[in-house]
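For reference, the chains in residue letters:
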Amino acid sequence: MVSVARVIGAALAATPFLLSAARAGTVTSGINTSGTIGYSNNPFLLESPDGGVARGDVSVSTFVEEKSARSSLRVGANANYTKFSRLYRDSINLGAQVGFSRTFSRQLSFRAGLSMNSSIGGSYFTDPAFLTPDPTVVVPPVVDITLVGLQSRTTGVSASTGLTYTPDSRNSITLGHNGSIARFPGGFGRSEYSNISQSASYSRVISSRFNAGASVNVARVNYFGDDLGDAVIVSPQINGSLRVARQWTLSGGVGFSSTRVNISGGKLKSTDLSANFSACRADSRTNWCLNGSRSTGASSFDGVRTTTSFGTSYSYKLSSRDTISASGGYSRSGAPQLSVRGATSFLSGSTNYSRRFSSRISGQVTGGFTRSVFEGTRSNAYASIGINYNFGGDR
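All of the points below concern the structure found in this document. Predicted, not measured: the structure shown is a model, and the values here were computed from it. Think of each chain on its own: its residues are numbered from 1, step by step along the sequence as written. Under the rules for a predicted model, residues below a pLDDT of 70 receive no local features and side-chain atom pairs below 80 are neither given nor counted, while totals for whole chains, interfaces and linings still include all residues. The side-chain figures draw on all heavy atoms in the structure; neither hydrogens nor water molecules are used.

### Details of the overall build of the chain
Here is the rule we go by: Helix and strand assignments come from DSSP, with helices taken as H or I runs of at least 4 residues and strands as E runs of at least 2, each series counted from the N terminus. Only protein chains enter the calculation, and the probe is 1.4 Å; a residue is then buried if its accessible area is under 20% of its type maximum, exposed if over 50%, and partly exposed in between. Any two residues whose heavy atoms approach within 4.5 Å are treated as being in contact. Areas reported as accessible are Shrake-Rupley estimates using a 1.4 Å probe. Residue values count occlusion only from the protein chains shown.
Looking only at helices and strands, the chain features one helix and 18 strands. Relative to its full complement of 395 residues, the chain shows a buried share of 37%. Pairs at least 24 residues apart make up 57% of the contacts formed inside the chain by residues separated by at least 6 positions. Only carbon and sulfur atoms are counted for the fraction: they give 59% of the accessible area of the chain, which is about 19,900 Å².

See below:
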């Protein structure tokens, strides 16, 4: 964690120099602070929890963003501290992000991003009650559901670049490169790995309401210390999006993932369906989305797995100050190809009421549940109340 903290500090210290190197433009900065108190009966989804616990949570996030006519640069960092009344050790989670984009001409643009995080495996993922819904707070997501229930630290670094060529108003081509590393100090039987991928995509505007295109992604997964489990995953897909009337937007893609995994004495080849979809409806007071995906990728236990996920979210503005929202999701990570371990599934649901007292102060009440099934069923119910304070400005 110390090394990640140093990197975060270096990123923040470098912010003024990065901003001065960019062309003069509008600089926006902000800090969000939040504090919550709540109760969970099994916050880390243990097999045999010893009763519920009260907990307090303090979060701070900050960002600086520079925008000019052709470029933008955003640097941010976030920290979260959690104190439990008993049973569990205090936890500290840290993250930092840098994003850059540049438009060279009407036809050519470039983007790049870097993110780092160090967090306790279950603290963010299993207890969303203690996360602020404010969009200025960036929380590192934990997408590997095999990590749920582990009270140990996960450290990750990811980077991405993308180059987009738009020859005319209807067509665009994008080339992308992504890389990530997952490290687990202390072991706990998990597999540390790197994941490097290259992608190419083409999109065409068919009409004012319909876009269509195709993409291909090639990923190389390398598990540290052992060639077994290393994999190459090739995923071609056709994509499309459609705007129905003024309020509905539909998008999705379908294809397949061809996987080649190193095994003892050779390689194991397999092909599986890959797909994603999203249906969203939005008006002045209501937002609703239904989404799903199926993909093959690296996991922290026993190598490559295919994960299927479904989720939905809903929010409704009761007034200019009051909003209610609800969300739910289900994910299933299939049995790995190199192990007799079974599949892992994760179910969650939450509701939230928030009220904005002023332009800077808001409060919220949240309740929900999480449930994991892997070599037994583990459940958690939680509730919290909290307050957020924002401050920042332009110059």
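### Regarding the pairing of strand β6 (residues 153-165)
Which entries qualify depends on this criterion: We treat two strands as partners when DSSP finds at least two bridges between them.
Where strand β5 (residues 108-120) and β6 come together, 13 bridges link them in antiparallel fashion. Bridging from a neighbouring strand, M116 pairs with V157 of β6. Direction of pairing for β6 relative to strand β7 (residues 171-183): antiparallel, over a ladder of eleven bridges. Residue pairing across strands places A159 opposite G179, the latter belonging to β7. Turn length for the β6-β7 hairpin, with the two strands adjacent in sequence and antiparallel, is five residues.

### What to know about the side chain of S235
Our working definition: Residues adjacent in sequence count toward polar contacts only when both atoms are side-chain atoms; beyond that, a polar contact is any pair of N or O atoms within 3.5 Å, and within protein one must be able to donate a hydrogen and the other to accept it.
Following the sequence through the fold, S235 ends up in strand β10 (residues 231-244). Residue classification places S235 among the buried residues on the basis of a relative accessible area of 16%. Within the local environment of S235, its side chain forms a polar contact with the side chain of S257, the two groups lying 2.9 Å apart. Residues in contact with S235, not counting those within four places in the same chain, are S215, V216, N217, F256 and S257.

### Side note on the side chain of R55
Note that R55 resides in strand β2 (residues 53-67). The exposure class of R55 is buried, given its relative accessible area of 5%. A polar contact of 3.5 Å, which involves the side chain of R55, links it to the side chain of T82.

### Details of the nonpolar core
Counted only if it meets this: We define a nonpolar core as any set of buried Ala, Val, Leu, Ile, Met, Phe, Trp, Tyr and Cys residues linked to one another through side-chain atoms lying within 4.5 Å.
If you look at the biggest cluster of nonpolar residues, it comprises eleven residues: A182, F184, Y193, A219, V221, Y223, A231, I233, V261, A298 and V304. Elements with a minimum of two residues in this core: β9 (210-223) and β10. At three residues, the largest contribution of residues to this core is made by β9. With sequence-adjacent residues up to four places away left out, I233 is seen in contact with N217, V218, A219, V221, S257, S258, T259, T296, G297 and V304. The next biggest cluster of nonpolar side chains, apart from the first, holds five residues, and it includes V53, F84, Y88 and I120.

### Let's talk about the pattern of salt bridges
Counted only if it meets this: When a carboxyl oxygen of Asp or Glu is within 4 Å of a side-chain nitrogen of Lys or Arg, the pair counts as a salt bridge.
Evaluated as defined, the whole model comprises five salt bridges. R281 is the salt-bridge partner of D283, the closest N and O atoms lying 3.0 Å from each other.

### Examining the state of the cysteines
Just so we agree on the cut-off: To count as a disulfide, a pair of cysteine sulfur atoms needs to be within 2.5 Å.
Evaluation of the coordinates by the stated rule reveals one disulfide. What pairs with C280 in a disulfide is C289, and their sulfur atoms sit 2.0 Å apart. In this structure the cystine formed by C280 and C289 twists about its S-S bond by roughly 115°; its chirality is therefore right-handed. A relative accessible area of 22% places C280 in the partly exposed class.

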